[in-house]
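Architecture at a glance
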Amino acid sequence: MPEGNAFAGLRLPAIAAPMFLVSGPELVVASARSGIVGAMPAANARTGDDLDRWCRTIRETLAGDCPGSWSINLVANRRNPRVEHDLGVIRRHEVPLVVTALGSPAAVIEAVHSYGGLVFADVISIEQARKAATWGVDGLVLICAGAGGHTGQLSPFAFVPEVRSFWDGYIVAGGGIATGAGIRGALALGADLAYLGTRFIAAAESMASDNYRAMLVEAGGADIICTDAFTGIPNNMLRPSIVRAGIDPDNIPPACRSTLNFEDPHSGAKAWRDIWSAGHGVGAITAVEPVEAIVASLEREFRGGDAFPAPVEWRRTA
Ligand SMILES: Cc1cc2nc3c(=O)[nH]c(=O)nc-3n(C[C@H](O)[C@H](O)[C@H](O)COP(=O)(O)O)c2cc1C
């Protein structure tokens, strides 16, 4: 763990991960107030001005004594036409943590470090992690197998320790973590923080539709299919949502593909609006609850509550 851990004061070492069309200011504020880090993608604000308004609301609402923190996720390359504008917004509101995706975040690092913020880069492979380790970021977010959204394919049991062997900065582990025991496991592997997306989709404060929430409560791991058929990149999706859209999940026609359009990310959003994503940890969702209740049960499990009993003593029989 880096010296002077900036996250040591959190109630739980966890980030409510940024999710397209799901995370907005309400989820971010509720997460920070519950003592974790709340995050949202800049692209969830339809316009740059909307992002400015959202960030102002979050900053002003959380001003003063807040046990948690907040973060914006930014697509850092030139294919994102709003990158400069959104970076100006980030600087103006001094967003404490920026998580970048796709490409070298040199300009982001300069801007965010100028006011004392932190920059983490998200990566899905050892090669990407090695490259990002040379960029001057403060942390790496390792997207492992089983993640909601565009997933990685590496097991966290291998990915986290291997990156820890060459990287002294912060490590965040994500992918299928949906319980307090999972957060403990991530720390045991060498991570400093866990990245939980799916567990927060059905939070009362998310922007997910009621049908999406209801499906998450019903679903288990067997309902997740990993497919590149909709976005061109491997993505964990809820099979029942594909069926509900009138498509056979085992025979998805090529016409369903809608690649992300960076001119207007929302225009390519059909695959996210009508066909829903969730990670392998979906079975941990049993109710639609406020963020505070989710964090309270994660904390109970993390500290050794009912879902993670104290280890039973065992002996070798010679
Ligand atoms: C519905 C949904 C939308 C997502 N959208 C984004 C996004 O816009 N940007 C991003 O960096 N990650 C996105 N993710 C990935 C999450 O930030 C995070 O990496 C992932 O949810 C962690 O795995 P878990 O869902 O198993 O907890 C999304 C995930 C989900 C479930």
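Everything in this summary refers to the structure shown in the same document. Every residue gets a number counted from 1 within its own chain, in the order that chain's sequence is written. Only residues with pLDDT of 70 or above have their local features reported here, since the model is predicted, and side-chain atom pairs are shown and tallied only from 80 upward, although totals for entire chains, interfaces and linings are computed over all residues. With hydrogens and water excluded, all non-hydrogen atoms of the structure serve as input to the side-chain values.

Topic: the sheet that holds strand E5 (residues 118-123)
- The sheet built from 8 strands closes into a barrel, its strands ordered E1-E2-E3-E4-E5-E6-E8-E9 with parallel pairing. On average, adjacent strands in this sheet sit at an angle of 25° to one another, irrespective of strand direction.
- One bridge is not enough; two strands pair if DSSP finds at least two bridges between them. Under the scheme used here, helices are H or I runs from DSSP no shorter than 4 residues and strands are E runs no shorter than 2 residues, and both carry numbers assigned from the N terminus. Pairing analysis gives 5 bridges linking strand E3 (residues 69-75) to strand E4 (residues 97-101), with the strands arranged parallel. The residue of E4 that forms the bridge with Asn73 is Val99.
- Contacts are assigned to residue pairs with any non-hydrogen atoms lying within 4.5 Å of each other. Fitting a line to C-alpha atoms yields each axis, with helices limited to the stretch in contact; the angle taken between N-to-C directions then spans 0 to 180 degrees. Strand contacts of helix H1 (residues 25-33): strand E1 (14-16), strand E2 (37-41) and E3, with the helix running at about 165° to E2, the strand carrying the most contacts.
- Set on the sheet, helix H2 (residues 48-62) makes contact with E2 and E3; between it and E3 the angle comes to about 165°.

Structural notes on the sheet that holds strand E7 (residues 149-150)
- Taken in spatial order, the 3 strands line up as E7-E11-E10 in an open sheet, and their pairing is antiparallel. Where the open sheet ends on each side, the last strands, each with one partner, are E7 and strand E10 (224-227).
- With 4 bridges connecting them, E10 and strand E11 (residues 235-238) associate as antiparallel partners. Note that in E11 the partner of Cys226 across the bridge is Asn236.

Looking at the side chain of Glu205
- Residue placement: Glu205 occurs in the loop between strand E9 (193-196) and helix H8 (210-218).
- The buried charged residue Glu205 lacks any salt bridge partner; its closest oppositely charged side chain belongs to Arg213, at an N-O distance of 6.9 Å.
- In protein, a polar contact requires one atom able to donate a hydrogen and another able to accept it; more generally it is a pair of N or O atoms within 3.5 Å, and residues adjacent in sequence count only if both atoms are side-chain atoms. Polar contacts involving the side chain of Glu205 include one to the main-chain amide nitrogen of Val291, which spans 3.0 Å.
- Other than its neighbours up to four places away in sequence, Glu205 contacts Glu26, Leu27, Ala30, Glu289, Pro290 and Val291. Under the scheme applied here, a residue whose accessible area is under 20% of the maximum for its type counts as buried, over 50% as exposed, and between as partly exposed, the area being computed with a 1.4 Å probe on protein chains only. In summary, the charge assignment counts Lys and Arg as positive and Asp and Glu as negative, without counting His or the chain termini. Salt bridges are defined by distance alone: a side-chain nitrogen of Lys or Arg within 4 Å of a carboxyl oxygen of Asp or Glu.

Side note on the packing of aromatic side chains
- Between rings of Phe, Tyr and Trp, where Trp is taken as its six-membered ring, a pair exists when centres lie within 6.5 Å; planes separated by under 30 degrees are stacked, by over 60 edge-to-face, and by other angles tilted. Here the structure, examined in full by the defined rule, presents 4 aromatic pairs.
- Ring centres 6.0 Å apart and planes at 55° place the aromatic pair Phe7 and Phe120 in the tilted group. Here Phe7, found in the segment before E1, pairs with Phe120, found in strand E5; they are 113 residues apart in sequence, far enough to count as distant. Each of the two residues, Phe7 as well as Phe120, counts as buried.
- The class for Phe7 is buried, based on a relative accessible area of 10%.
- Each residue in the set Phe7, Phe120 and Tyr170 is aromatic and connected to the rest through ring pairs, giving one cluster.

Topic: the site of the ligand
- Near the ligand you find 24 residues, and of these Pro18, Phe20, Gly176, Gly197 and Thr198 are the closest.
- Here an oxygen atom of the ligand and a backbone polar atom of Gly146 are 3.5 Å apart.
- Within the backbone of Gly148, one N or O atom sits 3.0 Å away from an oxygen atom of the ligand.
- Using a 1.4 Å probe, accessible areas were evaluated by the Shrake-Rupley method; residue-level cover was limited to the displayed protein chains. Against a free-state accessible area of 600 Å², the protein chains account for coverage of 91% of the ligand.
- When residues are sorted by character, Ala, Val, Leu, Ile, Met, Phe, Trp, Tyr, Cys and Pro go into the nonpolar class, Asp, Glu, Lys and Arg into the charged class, and all the rest, Gly among them, into the polar class. Split into classes, the residues belonging to the shell around the ligand amount to 13 nonpolar, 10 polar and 1 charged. Residues are classed as near a molecule or strand on a simple rule: at least one heavy atom within 4 Å of it.

Considering the pairing of E5
- Along E5, 5 of the 6 residues are buried, which leaves the element largely enclosed by surrounding structure.
- Alignment of E4 against E5, held across 4 bridges, turns out to be parallel. What sits directly across from Val98, in E5, is Val119.
- As a crossover connection, the stretch from E4 through helix H4 (residues 106-113) into E5 is right-handed.
- We call a crossover right-handed when, viewed with the strands running away from us, the connection from the first strand over the helix to the second turns clockwise. The parallel pair E5 and strand E6 (residues 139-143) is bridged by helix H5 (residues 126-132), and the resulting crossover is right-handed.

So, the pattern of salt bridges
- Counted by the stated rule, this structure contains 10 salt bridges.
- A salt bridge links Asp52 to Arg56; the nearest nitrogen and oxygen atoms lie 3.8 Å apart. Note that Asp52 and Arg56 are positioned in helix H2 at a spacing of 4 residues, about one turn of the helix.
- We classify Arg56 as partly exposed; its relative accessible area is 32%.
- Across the pair Arg213 and Asp210 runs a salt bridge whose closest N-O atoms are separated by 3.6 Å. One end of the pair is Arg213 and the other is Asp210, both in helix H8 and 3 residues apart, which spans about a single turn.
- According to the relative accessible area criterion, Arg213 is buried, its value standing at 8%.

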